[in-house]
Every structure is written in structure tokens, then in C-alpha cells.
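# Structural characterization, general
Letter by letter, the chains look like this.
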Amino acid sequence: MIQAAPVHPQTTAVHAGRPPRDPDAPLNTPAVFASTYVAGGDVGYGRYGNPTWSAVESIVGELEGGRALAFGSGMAAISAAVELVRPDATVVLPRHCYLGVRALLEQRASSGTKVRLVDVADTTEVLDAAEGADLVWLETPTNPTMEVADLVAISSRLAGSPATVVVDNTFATPLLQQPLGLGADVVVHSATKFFSGHSDAVLGVVVVRADDEDRRTRLDTLRRLRGAVPGTMEAYLVARGLRTLGVRLERAQANAGALAAWLHDHPAVDRVHYPGLPDDPGHAVAARQMAGFGSLLSIDLGSAERADALVAAARLWVHATSLGGVESTFERRRRWAGELPSVPEGLIRLSVGIEHVEDLRADLEQAFDQL
Ligand SMILES: *Cc1c(COP(=O)(O)O)cnc(C)c1O
């Protein structure tokens, strides 16, 4: 991007990754549907590269302050990041995190991968577990309980150690948190969520530091050989979605903050997990390392029956998994067989959208009235 002065990430999201401003050039990188290219260039074949993926990579790379590679899904990106360490690696993993990562590492147990589960909010526990580890996987805030890891405290202590520090930044997005700048080695994203923003595409991204040619090359090779490449249409949708990330997030986050405060004092709710609440255990660290507290929260209604009844009674809120779309969605997490027993049966994760907050509150209120 050509610019006179450093700009805010909201502006980067709008302007990065566009074609050069030549007369009659389109403002947007076109959706290039191509399985092959005329020989003699840098790309050559559709599994090796695509201008529409490159647009996504430029935008996300600039936002995260590194170099990005797009993959076919968040899990494809995560699989590639995990493959950066040897098969018999020791991996530190948050007790609560995206379930797919845990399942992936369990599959690798037969290759010798060992997992040490930690409470990411407990920096001492993370650092103790990181002793002799090859990979420290962090997610912050975590899914679905919104625990906050202290990225600076953890990364600074592990700098110079052999452990690779990877942060799944899906929940925060680079508008709120930039882990490479806080000391992490690698960032992964499910672009399916906030980047797309409209629940219409599946895509993933891995980002490494700008000077980390070694990891970038290895990830590129993995993408070529495993073939976990994004589709052109998905890349186009994600590039388009990223343009409005700033305003979507601002509105969704304001809604989430208002709802969290209201739910915190609601008699039907046992507990609210949202780092934006002053009495949340993650509040101080989140306030230090994030530019906002995001638009995800979870509430505990005390029992599976009450939680199931609430999601069934809503009219506006959609009962669905996934998150980060313009529409508000929620689900009881323990409805998934793989979700951990340490996640309460009555816990509902809410992904707050961009609707009018009064309508979101009124719909929850009428649903609470039916309990
Ligand atoms: C959804 C999600 C993933 C997986 O991404 P997909 O695009 O579904 O493959 C990974 N991490 C987090 C935090 C997620 O929410």
C-alpha cells in the first residue's frame, strides 16, 4: 500500500491489497478463476498461487504486521502451523480452546505428539508447561469461556527458547490484538468468522513475521503439497468482508459490551464471561493487550435444560454454531460431544452481531421470560 503516514488498522483494512492505481484499473482485485497460467511467470499453476488469494494475504499481512498465507479453512491453516514442529513434539495447549486443534493434536498422538493442557490465564502454569516444549499454542480470549492469556508475559519469557509460540487470533482479530507485535512467532485465523463477516465463506490464514522466510517457505510448501488451498470465490468474499471489518466490529463490540453489562445483573444468569466487564478475571490483561474486548461472550444459565430452553425461545438470535457474522448467533456449547466437562452444561456462547442492541436485548428478555 502506498501511503504518506502510518494509518489505523481500520484504514488498512479498507485500502490494503488493492491493484495499483493505474488508469482504468479496477479498485478491487478481481475474482480470478484459473487452474493454470501462461508459463514463464512466478505462479504457474492454480495450486501454487492466485491473485485473489494474494489480495487477502496482503490485507491480513498488513493488519497483523507480518506475511500471510491463505488456506482452504481455519483448520487447514492450523494443520499447517502444527506441521511446523516435528511429529513427536511436545505441545502446550489451552485447556479450553477451539476443539478442532485439540482433536488434531490427539490424532497426532500416534506419531508421538504429546499435549500438556494448561489454563492460559495462569501465566506461571503456561511457562512451567513450556519447559522443554516445542510448540506453545495460545488462544486468547479462549473458546468458549473467554479466558485471557498474557501474550507479552508468555512470549517475552519464551523468546530465545526453542518453543514456537502460535496464537489463534480469530476471536480478537488484528483490529483488537496483534500477537506478532506482542512477541508471538505465528498467528492463525479462521477467516470464516470475522474476516468474512457474513457467514458465507470458509477460509483460513497463517501469518509469520515479515523476516521469517524460513517458516513462510515451509508453510508455502505445505500448502502446495497438502493442497489445502482456498477457492477463488471464498478469497473474494473474504477480501470484500475485510473492507468493513472496522465498522462491523465497532458496532458488534458496542452491542456486546452493553449486553454483557445487562446480563451481568440479570437474575436468570449465573455468570457472564466477558473480558470487558471490570470484574472479569481477564479484564486487566485484556485491557493491556487489546484495543477492545470484542463481540463474543458466554453466559452460564446453570443447567442444560435452561440453556436449551433459552436458545429455543429466541426469535431474532439464531441458534447456530460459528461466530463473527453480522447476525447474532448463540449456542449451548456442551451440545457438542467433544466439548469438555470443564465447560458448564448451561454455558451459552453468544456471537453478537450488528443489529440494533435494543432488539437483541428485547429478544433475549422475552426468551428469559419463557424459562
Ligand atoms: C472456527 C474456528 C477455527 C476453525 O476454523 P474453520 O474455518 O472452521 O476451519 C479455529 N479457531 C477458532 C478460534 C475458531 O473459532
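First things first, this report covers the structure right here in the doc. Just so we're clear, the structure is a prediction, and the values are computed from it rather than from any experiment.

What counts and how
Residues numbered from 1 in each chain as written. Predicted model: local features only at pLDDT ≥ 70, side-chain atom pairs only at ≥ 80, totals over all residues. Heavy atoms only, no water. Helix = DSSP H or I, 4+ residues; strand = E, 2+ residues; numbered from the N terminus. Rg over C-alpha atoms; globule rule 2.2 N^0.38 Å. Buried < 20%, exposed > 50% of the residue type's maximum accessible area, 1.4 Å probe, protein only. Contact = heavy atoms within 4.5 Å. Pairing = 2+ DSSP bridges. Axes fitted to C-alpha atoms, helices over the stretch in contact; angles between N-to-C directions. Parallel < 35°, antiparallel > 145°, perpendicular 65-115°, else oblique. Left-handed = near helix turned anticlockwise from the far one by under 90°. Nonpolar A, V, L, I, M, F, W, Y, C, P; charged D, E, K, R; others polar. Near = heavy atom within 4 Å. Polar contact = N/O pair within 3.5 Å; in protein donor to acceptor, adjacent residues only side chain to side chain. Areas by Shrake-Rupley, 256 points an atom, 1.4 Å probe, with all protein chains shown as cover.

## Brief notes about the overall build of the chain
- Each helix and strand counted, the chain has 12 helices and 12 strands in total.
- Over its C-alpha atoms the chain spans a radius of gyration of 21 Å, differing by no more than 12% from the 21 Å that the globule rule assigns to 371 residues.
- Taking the principal axes of the C-alpha coordinates as reference, the chain spans close to 65 × 50 × 40 Å.
- Among the 371 residues that make up the chain, the fraction classed as buried is 54%.
- For the chain, long-range pairs separated by at least 24 residues make up 68% of all intrachain contacts whose partners lie at least 6 apart in sequence.

## Section: the pairing of strand 9 (residues 296-300)
- Burial analysis of strand 9 places five of its five residues in the buried class, the great majority of the element.
- Of the two faces of strand 9, the one carrying Leu 296, Ser 298 and Asp 300 and the one carrying Leu 297 and Ile 299 are both buried.
- In this sheet, strand 9 lies alongside strand 8 (residues 271-273) in antiparallel orientation, the contact comprising three bridges. Following the sheet pairing, His 273 is matched in strand 9 by Ser 298.
- Pairing of strand 9 with strand 12 (residues 347-351) involves five bridges; the strand directions are antiparallel. Residue Leu 297 lies in a different strand from strand 12, and its bridge partner there is Leu 350.

## What about helix 3 (residues 74-82)?
- Extensive coverage of helix 3 is indicated by the burial of seven of its nine residues.
- Buried within helix 3 are the following residues: Gly 74, Ala 76, Ala 77, Ile 78, Ala 80, Ala 81 and Val 82.

## Considerations on the packing of helix 5 (residues 123-130) against helix 6 (residues 151-158)
- It is at 10 Å that the axes of helix 5 and helix 6 come closest, and there the two elements cross at 25°. Between helix 5 and helix 6, the interaxial angle falls into the category roughly parallel. Considering the relative orientation of helix 5 and helix 6, their crossing is right-handed. Contact with helix 5, carried on its side by Thr 123, Val 126, Leu 127 and Ala 130, involves Ala 153, Ile 154, Arg 157 and Leu 158 of helix 6 and no other residues of that element.
- Residues belonging to the contact of helix 5 with helix 6 are distributed by class as follows: six nonpolar, one polar and one charged.

## Overview of the site of the ligand
- Around the ligand, 13 residues are found, and the nearest of them are Met 75, Asp 168, Ser 190, Thr 192 and Lys 193.
- One of the backbone N or O atoms of Gly 74 is found 2.9 Å from an oxygen atom in the ligand.
- A total of 380 Å² of accessible area belongs to the ligand in isolation, and the protein chains cover 91% of it.
- Top element by residues in the shell around the ligand is helix 3. It accounts for three residues.
- Residues of the shell around the ligand, tallied by class, amount to six nonpolar, five polar and two charged.

## Overview of unusual backbone geometry
- The residue after Thr 140, namely Pro 141, is reached through a cis peptide bond having omega -10°.
- Cis geometry marks the peptide bond from Asn 143 to Pro 144, where omega comes out at -5°.
- Positionally, Pro 144 belongs in the loop between strand 4 (135-139) and helix 6.
- Its identity as a non-glycine residue notwithstanding, Thr 173 has a phi of 65°, on the positive side.
- Take Thr 173: it is sitting in the loop between strand 5 (164-168) and strand 6 (186-190).
- Thr 173 sits in the buried class, given a relative accessible area of 0%.
- For Ser 322, which is not glycine, the phi dihedral falls at a positive 75°.
- For Ser 322, the location among the structural elements is in the loop between strand 10 (318-319) and strand 11 (329-332).

## Topic: the sheet that holds strand 8
- Strand order in the open sheet made by the five strands is 8-9-12-11-10, with mixed pairing throughout. Only two strands of the sheet have a single partner each, and these edge strands are strand 8 and strand 10.
- Packing of helix 11 (residues 304-313) onto the sheet brings it into contact with strand 9, strand 10, strand 11 and strand 12, and relative to strand 11 it is tilted by some 155°.

## So, the sheet that holds strand 5
- The sheet built from seven strands is open, its strands ordered 1-7-6-5-4-2-3 with mixed pairing. This sheet does not close on itself; its edge strands, each paired only once, are strand 1 (66-71) and strand 3 (114-118). Adjacent strand axes in the sheet meet at a mean angle of 20°, parallel and antiparallel pairs treated alike.
- Across five bridges, strand 2 (residues 90-94) lies against strand 3 in parallel orientation. Across the sheet, Val 91 pairs through a bridge with Val 115, a residue of strand 3.

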